[in-house]
Amino acid sequence: MVMLDQNKRSSILKIENSSKRNGKRHLIVTNEGSYKGDWKNDLKHGIGIHKTTSYRYDGYWLNGRRHGWGVLSKFSEENGYRIVYDGEWGQGKPRGHGIRQYSDGGYYNGDWKNGKRDGFGEMWYANEDYYGGLWLKDLKHGIGVYVYSNGNRFEGNWKDDRKNGQGSLFNMNTGIVQQGLWRMDMCVQSEVFNTKYRQAAVRSTSFPIPKVSIFHYLTIIAQP
């Protein structure tokens, strides 16, 4: 009886394994949408395209999760598919380097970890502001440069999405630079410089800049 039970279990196991999806499939439709691509042990594994009524993913899979390079697009009746994320994935979330395009028109190009901006990256905001620097868990954190749409800029340290630590705020209209210490977006100690006054000159430099002959100068010095 024991032998019969073991043989029965092994035969059932063989049937289950043979019925699992493996290799390439032209198109499979499930309650999660449609998938066309590679399978392994009934899981998306390899290269494939997954579509739902709202999203489409083209790229690599590992054990049923987005893993490797891939493009995620969002569908709307008005505009069709719009790319949301183009880059690397890890265990179903953006990880590594990738470009994210936001619905308001802003976009980010840089490093990701666990689906959040993390590492070095550049962010172009919808209001035409710009930030280039370090991120941590989707927040500006570390050294970075923030350029406002009016041309003013802050160069320095950030913490939890706010200016924090040593930094310099440049007013490009007045030429004034505020340099000092910041805490939670507030300047607590600083010096102010007027760069327009400090860089003023009696007359502008001629262009092209005239060449200076060293040998001619030495000849004049050497004359008795």
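Scroll up to find the structure.
This report concerns the structure included in the present document.

Conventions used here
- Residues numbered from 1 in each chain as written.
- Predicted model: local features only at pLDDT ≥ 70, side-chain atom pairs only at ≥ 80, totals over all residues.
- Heavy atoms only, no water.
- Helix = DSSP H or I, 4+ residues; strand = E, 2+ residues; numbered from the N terminus.
- Buried < 20%, exposed > 50% of the residue type's maximum accessible area, 1.4 Å probe, protein only.
- Contact = heavy atoms within 4.5 Å.
- Areas by Shrake-Rupley, 256 points an atom, 1.4 Å probe, with all protein chains shown as cover.
- Phe/Tyr/Trp six-rings, centres within 6.5 Å; stacked < 30°, edge-to-face > 60°.
- Lys NZ or Arg CZ within 6 Å of the ring centre and 35° of its normal.
- Polar contact = N/O pair within 3.5 Å; in protein donor to acceptor, adjacent residues only side chain to side chain.
- Patch = residues over 30% accessible without salt bridge, like charges linked within 9 Å, V, L, I, M, F, W, Y side chains within 5 Å.
- Salt bridge = Lys/Arg side-chain N within 4 Å of Asp/Glu carboxyl O.

**Examining the overall build of the protein**
- Per the secondary structure count, the protein includes three helices and 15 strands.
- When burial is assessed residue by residue, the protein has 25% of its 224 residues classed as buried.
- Excluding contacts between residues fewer than 6 apart, the proportion of contacts in the protein whose partners are at least 24 apart in sequence is 4%.
- Summed over its atoms, the accessible surface of the protein is roughly 15700 Å², and 54% of this surface lies on carbon and sulfur atoms.

**Points about the packing of aromatic side chains**
- Per the stated rule, a full pass over the model turns up 19 aromatic pairs.
- Between the aromatic rings of Y35 and W39, the centroid separation amounts to 5.0 Å while the plane-to-plane angle is 85°, which identifies the pairing as edge-to-face.
- Note on Y35: relative accessible area 2%, which makes it buried.
- By relative accessible area, which is 7% here, W39 ends up buried.
- Their ring planes at 90° and their centres at 5.5 Å tell us that F154 and W158 sit as a pair that is edge-to-face.
- The side chain of R56 reaches across the aromatic face of Y81, ending 6.0 Å from its centre.
- We note R117 situated over the ring of Y108; from NZ or CZ to the ring centre the distance is 5.8 Å.

**Concerning the environment of N127**
- Assignment of secondary structure puts N127 in the loop between strand 9 (116-124) and strand 10 (130-136).
- For N127, a relative accessible area of 46% translates into the label partly exposed.
- Engagement of the side chain of N127 in a polar contact is seen with the backbone nitrogen of D129, the distance being 3.1 Å.

**Remarks on the environment of Y130**
- Its place among the elements puts Y130 in strand 10.
- Among the residues examined, Y130 registers a relative accessible area of 21% and is labelled partly exposed.
- For the pair Y130 and V147, spaced 17 residues apart in the sequence, the C-alpha separation amounts to 5.1 Å.
- When residues no more than four places from it in sequence are discounted, the contact partners of Y130 are E122, M123, W124, Y125, V145, Y146 and V147.
- Of the polar contacts made by the side chain of Y130, one reaches the side chain of E122; its length is 2.6 Å.

**Thoughts on the environment of T52**
- By the secondary structure assignment, T52 is in the loop between strand 3 (43-51) and strand 4 (55-62).
- Taking the C-alpha atoms as reference points, T52 and F75, separated by 23 residues in sequence, lie 9.0 Å from one another.
- Polar side-chain contacts of T52 include one of 3.2 Å to the backbone nitrogen of S54.

**Section: a nonpolar patch on the surface**
- Residues I47, Y60 and W69 make up a contiguous nonpolar surface patch of roughly 320 Å² in combined accessible area.
- Relative to the helices and strands, Y60 resides in strand 4.

**Quick look at the pattern of salt bridges**
- For the structure shown, the criterion picks out seven salt bridges.
- Among the salt bridges present, the one from K24 reaches D38, with a minimum N-O distance of 2.9 Å. Residue K24 is located in strand 1 (residues 23-30), and its partner D38 is located in strand 2 (residues 33-40); the two are separated by 14 residues in the primary sequence.
- Residue K24 is classed as exposed on the basis of its relative accessible area, which comes to 65%.
- Notably, a salt bridge pairs D138 with R117, separated by 2.8 Å at the nearest N-O pair.

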